[in-house]
Amino acid sequence: MPDRSVQSPLDALRRSLQRLAVPLSLRITLGAFVVSTLIGIGLVGLLGFPMGRALQTAVQGAFGDVSAIADTLVFMTPRLLVALGALIAIRGGMFNLGGEGQLQFGAIGAMIPFLALGDLGWVLIPLCIVSGAICGALWGLIPAILKITRGSDEIIVTLLMNFIAIYFLKFLVQGPLQPEGSNFNMSAKLPDRALLPTLIDGTRLHAGVLLAIVAAILTWVLIHHTAFGLRLRAAGASPRFFRLQGAKPGAMTIKVMLISGGFGGLAGAVEVMGVQYRLIDGFSTGIGFEGLAVAFLGGLEAFGALFVALYFGAVNSATLALQAKLSVPSSLAEIMTGLPILILAVAYGLLALKGKPVWTLTR
Amino acid sequence: MDIDAITIALFLASGVRLCVPVLLAALGELVSERAGVFNIGLEGLMLFGAVFASIGFATTGSPVLGLGTGMLGGAIAAAVLSLVIVMARANQIVVGIGFNLLALGVTSLLRQVFLVDAQTGSVRSVSTLRLPGLSDLPIVGRAFFSQSPVFYAALVIAVLLWVLFKYTRLGLILRAVGENASAADVSGIPVLPLRTGAVIFTGLMAGLGGAYLCIIASGGVFVDHITAGRGYLAIAIVIFARWRPIRAVVVAFVLGCLEALQFQGQYLGLDIAPPLLLATPFVVALLAWVLIGKASAAPKDLGTPFMRS
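About the criteria used
- Along each chain, numbering runs from 1 in the same order as the chain's sequence is written.
- Both sets of labels track the order of writing: A upward for chains, 1 upward for ligands.
- For this predicted model, a pLDDT threshold of at least 70 governs which residues receive local features, and a threshold of 80 or more governs which side-chain atom pairs are given and counted, while totals over whole chains, interfaces and linings are taken from all residues.
- In computing side-chain properties, one takes all heavy atoms of the structure into account and sets aside hydrogens as well as water.
- Note: pLDDT gives the predictor's confidence per residue, expressed from 0 to 100.
- Note on conventions: DSSP H or I runs of at least 4 residues are helices, E runs of at least 2 residues are strands, and numbering of each starts at the N terminus.
- In what follows, a contact means two residues having at least one pair of non-hydrogen atoms within 4.5 Å.
- The salt bridge criterion pairs a side-chain nitrogen of Lys or Arg with a carboxyl oxygen of Asp or Glu, the two atoms within 4 Å.
- Type-normalised accessible area, obtained with a 1.4 Å probe on protein chains alone, sets the label of each residue: buried when under 20%, exposed when over 50%, and partly exposed for intermediate values.
- Orientation is described by lines fitted to C-alpha atoms, with helices fitted over the stretch in contact, and by angles between N-to-C directions that extend from 0 to 180 degrees.
- Note on angle classes: values under 35 degrees are labelled roughly parallel, values over 145 roughly antiparallel, values of 65 to 115 roughly perpendicular, and the remainder oblique.
- Residue type decides the class: Asp, Glu, Lys and Arg count as charged, Ala, Val, Leu, Ile, Met, Phe, Trp, Tyr, Cys and Pro as nonpolar, and the leftover types, Gly among them, as polar.
- To estimate the expected span of a helix, subtract one from its residue number and multiply by 1.5 Å.
- Comment: arc refers to directions from the helix axis out to C-beta atoms.
- Two parts lose some accessible area (1.4 Å probe) when they are put together, and adding that loss for both gives the buried area.
- Under the rule applied, a polar contact is a pair of N or O atoms within 3.5 Å (in protein, one hydrogen donor and one hydrogen acceptor; residues adjacent in sequence only if both atoms are side-chain atoms).
- In plain words, nonpolar cores are sets of buried Ala, Val, Leu, Ile, Met, Phe, Trp, Tyr and Cys residues tied together by side-chain atoms within 4.5 Å.
- Excluding any residue in a salt bridge, patches collect residues exceeding 30% relative accessible area, merging like charges within 9 Å and nonpolar Val, Leu, Ile, Met, Phe, Trp and Tyr side chains within 5 Å.
- Areas reported as accessible are Shrake-Rupley estimates using a 1.4 Å probe. Residue values count occlusion only from the protein chains shown.
- Planes of paired rings set the category: under 30 degrees apart is stacked, over 60 is edge-to-face and the rest tilted, where pairs are Phe, Tyr or Trp rings (Trp by its six-membered ring) whose centres lie within 6.5 Å.
- Two helices cross in a left-handed way if the nearer one is turned anticlockwise from the farther one by less than a right angle. They cross in a right-handed way if the turn is clockwise.

Novice: Is there a simple way to think about the confidence of the model for chain A in this case?
Specialist: Note: predicted coordinates in regions of low pLDDT should not be interpreted at a detailed level. Residue and element names in this part refer to chain A. Per-chain confidence: chain A averages 88 in pLDDT, with 92% of residues scoring 70 or above. The lowest-confidence element of chain A is helix α1 (residues 9-20), averaging 66 in pLDDT; the highest-confidence one is helix α8 (residues 208-225), averaging 96. Taken together, the stretch residues 1-5 has pLDDT below 50 and engages in zero contacts with residues farther than four places along the chain or on a different chain. Across residues 359-363 the pLDDT falls below 50, and counting only partners more than four positions away or on other chains, this stretch makes 21 contacts in the model.

Structural data, given as structure tokens:
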């Protein structure tokens, strides 16, 4: 053990340089994205598509013009919102894997004000958003209550509840919410004035994108610059310490899951009000699970999640362009979103094996 | 309304048919979990089994070989997964989520590359095997003894696993690895190879489960996300069955019967919308999971990567 009290000026210099250097965890994360992007490109080549043209199409599809960037941001939005919810829960010690279900309930919730009150004009916009967030939060509350009262592990509960929510939405659009005389598995359309306004004409860019970015900033403030955020991190990092401080873990579990579920609900509401305009069976292609991956890849930090969600958004819009122009299978998007997290987990596991854990989860 | 014997027999038979894929996956997962690996990637392993089964069947025209390639596909995917979660000690939950996302994409891609205009043939040779004598019994004959050979195999495997964990040295060693990997390591037990083996066994079983879904339940046709959450359901079954193979059979059968209500419910006088019936296995698994509360029977080192300290 070196004597820490003796410090040479050189040490001070080295430390300040270290502060400037890119931290190991960030380098590994970037590496994971680079490797998975290369694998994706290789795969496109392997499938017999012209690689140069594919690459050009992909970049143009994701960032080529205003409408492409809009698509990327629109794909980013729900993934980011779910990720914010997931990371708040996980930082607070609740392994909320139920983003998909909370998203489904947010989507259902967003339809409730319109179905209950009719077309109220623009007033519906805030009502639908809030209602979606509340429905997501209530769906997220269930695992919290089960954990506190019955000690049920939230991992299994939230995973199972995802599928209950998916089938419940399917039931709604096949029955109670299906308009008379329609055979499609979807509800009636929201009135035009209740849709999220388009930010740039001629693109799909809706106001929900701004909502998600603001939510990311608020999440960062909440976690790092509020007393509640400190307690939340304490509850997640060391439940025993948290209890010994005289705090109530149960109350924290409930708050954390309400916020987390609320974000998931928001994601569903935004997807309905900005993209689908109605409730549709299968509108979420696993967005909840992708959001979880975003949260982990972003190092459970709000801004990390923002960048990763942007990458996921770009992958999705690039794949869309590749499918439209070169008929590359759209499943490329799922591969490209599943790969980085596997690579990252392996890298972290190997580092932990060498005695250099860079990333510790709450369990 | 009267419910006659044939309706009941058909209902039970359909429950059995629907329980087989989840049962196979659950039996596989049980071995992993007993050895300390919490494998959320089960859903993905089933998907790989299903797509490889479909490719095998389309290429060879033989449903038996289809089941075989499905098992092989599941095992290969599991071998890759075990490199990640056993050898590289990655976080098992994080990897599981990522692996399932990846599996959705890769299996869909494989379908688009290999199964575009795939021909399917008869699957009769693997769909029904009437056990002589027993299949003529009233009700139970039709329900339990005129099933796919895969179902009988699943039962045999369940019994073998029960024997393995109760009476054999290998079973004891596997349990030791799951209960306290460090202690097992100190006493000279090869922890990592055993865990790898357990995960690959899970892959074989989940692969067969996926292959059953594809070959026997849908005539050899693979559709994207054919598993529809059954892998997660199987995980719930394992925990609800308290890591016991015979209980897993019973639990899986009950959930299969619930799922069967969507086909036979109306003959039994039930008028419930199909999506709600599809949700019932998940609801019941959830309720059961909540009612049993804390799972004290869980292997102590479940979900913890092994680090020699």
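Novice: I would appreciate a short explanation of the pattern of salt bridges in the present structure.
Specialist: Oppositely charged side chains can pair when the atoms bearing their charge come close. Enumeration according to the criterion identifies 10 salt bridges over all chains in this entry. Across the salt bridge formed by Asp192(A) and Lys189(A), the nearest N and O atoms sit 2.9 Å from each other. The class for Asp192(A) is exposed, based on a relative accessible area of 58%. Ionic pairing is found between Lys300(B) and Glu179(B), a salt bridge with its closest N-O pair at 3.9 Å. Here the residue Lys300(B) occupies a position in the segment after α13 (274-292), and Glu179(B) occupies one in helix α8 (residues 169-179), the gap between them amounting to 121 residues. Classification of Glu179(B) as partly exposed rests on a relative accessible area of 32%.

Novice: Help me understand the environment of Ala133(A) in this model?
Specialist: All names here are of chain A. Along the chain, the position of alanine 133 falls in helix α6 (residues 124-150). As for alanine 133 and glutamine 174, which are separated by 41 residues in sequence, their C-alpha atoms are 23 Å apart. If we skip the residues at most four places from it in the chain, alanine 133 touches Gly261, Gly262, Gly265 and Leu266.

Novice: Is there a simple way to explain the packing of helix α1 (residues 5-34) of chain B against helix α10 (residues 191-217) of chain B in this structure?
Specialist: When two helices pack together, their arrangement is captured by the angle between the axes and the distance separating the axes. All names here are of chain B. Where α1 contacts α10, the two axes come as close as 7 Å, and the packing angle between them is 170°. By the criterion of interaxial angle, the relationship of α1 to α10 is roughly antiparallel. Where α1 approaches α10, its residues Arg17, Val20, Pro21, Leu24, Ala25, Leu27, Gly28, Glu29, Val31 and Ser32 are matched on the opposing element by Ala198, Val199, Phe201, Thr202, Met205, Ala206, Leu208, Gly209, Tyr212 and Leu213. Residue classes in the contact of α1 with α10 are distributed as 14 nonpolar, four polar and two charged.

Novice: For this particular structure, what's the right way to read unusual backbone geometry?
Specialist: A negative phi holds for most residues other than glycine; trans holds for most peptide bonds. All names here are of chain B. Within the chain, arginine 89 stands out as a residue other than glycine whose phi angle is a positive 55°. Mapping arginine 89 onto the fold places it in the loop between α3 (63-87) and α4 (92-114). Its relative accessible area of 12% is what places arginine 89 among the buried residues. One non-glycine residue with positive phi stands out, namely histidine 225, at about 55°. Within the element layout of this structure, histidine 225 appears in the loop between α10 and α11 (230-240).

Novice: Honestly, α8(A) in this entry has me stumped. Any pointers?
Specialist: Since there are 3.6 residues in each turn of an α-helix, residues three or four apart along the chain are aligned in direction. All names here are of chain A. Taking 1.5 Å per residue as the helical rise, α8 with its 18 residues ought to reach 26 Å, and the 25 Å between its terminal C-alpha atoms agrees with that figure. Looking only at α8, the buried set comprises Gly208, Val209, Ala212, Ala215, Ala216, Thr219 and Ile223. Angularly, the buried residues of α8 cover 110° about the axis, an arc narrow enough to put them on a single face. Across α8 from its buried face, at more than 90 degrees, point the exposed residues Leu218 and His225. Contacts made by the buried residues of α8 are with α4 (66-91), α9 (227-237), α11 (249-276) and α13 (302-326).

Novice: Looking at this model, I keep getting lost on the side chain of Thr57(A). Mind explaining?
Specialist: Secondary-structure assignment places Thr57(A) in helix α3 (residues 51-63). Leave out the neighbours within four places in its chain, and Thr57(A) touches Ala321(A), Leu322(A), Lys325(A) and Leu326(A).

Novice: When you look at the interface of chain B and chain A in this model, what are you seeing that I'm missing?
Specialist: For interface size, the figure often reported is the accessible area lost on association. Between chain B and chain A, the contact holds 46 residues from the first and 45 residues from the second. Roughly 3,800 Å² is buried in total at the junction of chain B and chain A, and carbon and sulfur atoms are behind 84% of that figure. On inspection of chain B and its partner chain A, the count reaches zero salt bridges. Put simply, chain B and chain A have four residue pairs in polar contact (both at pLDDT 80 or more) between them. Those elements giving two or more residues to the side of chain B that touches chain A turn out to be α3, α4, α11 and α13 of chain B. It is α4(B) that contributes the most residues to the side of chain B that touches chain A, 15 residues altogether. For the side of chain B that touches chain A, a count of residues per class yields 37 nonpolar, seven polar and two charged.

Novice: Help me out: how do you make sense of the nonpolar core in this one?
Specialist: One broad trend across soluble globular proteins is that nonpolar side chains are buried collectively. Counting 226 residues, the largest nonpolar core has Leu80(A), Leu97(A), Leu279(A) and Ile40(B) as its most contacted members. Contacts of Ile40(B), omitting those with residues within four sequence positions, involve Leu97(A), Ile155(A), Leu159(A), Ile93(B), Gly96(B), Ile97(B), Asn100(B), Tyr232(B) and Ile235(B).

Novice: Is there a simple way to explain the environment of Ala248(B) in this structure?
Specialist: Residue and element names in this part refer to chain B. Relative to the helices and strands, alanine 248 is located in helix α12 (residues 245-264). By relative accessible area, alanine 248 is classed as buried at 0%. With 222 residues separating them in the primary sequence, alanine 248 and alanine 26 have C-alpha atoms 7.1 Å apart. Residues within four places of alanine 248 in sequence aside, it is in contact with Leu23, Leu27, Leu30, Ile237 and Ala241.

Novice: What should I look at first to understand a nonpolar patch on the surface in this one?
Specialist: Judged by side-chain polarity, Leu117(A), Leu120(A), Trp122(A), Val123(A) and Leu127(A) come together as a nonpolar surface patch covering roughly 480 Å² of accessible area. Of note, Leu120(A) is situated in the loop between α5 (99-117) and α6.

Novice: What is the right way to read the confidence of the model for chain B from this model?
Specialist: Here chain B averages 86 in pLDDT, and 94% of its residues register 70 or above. Confidence metrics for the complex model read pTM 0.89 and ipTM 0.86.

Novice: Would you mind going over the environment of Ala247(A) with me for this structure?
Specialist: Residues and elements named next belong to chain A. As for its placement among the helices and strands, alanine 247 is situated in the loop between α10 (239-244) and α11. By relative accessible area, alanine 247 is classed as partly exposed at 24%. For the pair formed by alanine 247 and isoleucine 155, sequence separation is 92 residues and the distance between their alpha carbons is 23 Å.

Novice: How should I be thinking about the packing of aromatic side chains in this particular structure?
Specialist: Two descriptors summarise a pair of aromatic rings, namely the distance from one centre to the other and the angle between the planes of the rings. The final tally for this structure, using the stated rule, is 15 aromatic pairs over all chains. With centroids separated by 5.6 Å and ring planes inclined at 0°, the aromatic side chains of Phe105(A) and Phe168(A) adopt a geometry described as stacked. One end of the pair, Phe105(A), is in helix α5; the other, Phe168(A), is in helix α7 (residues 154-174), with 63 residues separating them in the sequence. Overall, the relative accessible area of 29% leaves Phe168(A) in the partly exposed class. Here Phe289(A) and Tyr232(B) contribute two aromatic rings whose centre-to-centre distance is 6.0 Å and whose plane-to-plane angle is 10°, an arrangement assigned as stacked.

Novice: Where do I start with the packing of α7(A) against α13(B) in this structure?
Specialist: In the contact formed by α7(A) and α13(B), the axes pass within 9 Å of each other and the chain directions differ by 155°. Here α7(A) lies roughly antiparallel to α13(B), going by the angle between them. Here α7(A) and α13(B) pass one another in a crossing that is left-handed. Here Ile156(A), Val157(A), Leu160(A), Met161(A), Phe163(A), Ile164(A), Tyr167(A), Phe168(A), Lys170(A), Phe171(A) and Gln174(A) of α7(A) come into contact with α13(B), specifically with Pro275(B), Leu276(B), Leu278(B), Ala279(B), Phe282(B), Val283(B), Ala285(B), Leu286(B) and Trp289(B). In terms of residue class, the contact of α7(A) with α13(B) is made up of 18 nonpolar, one polar and one charged.

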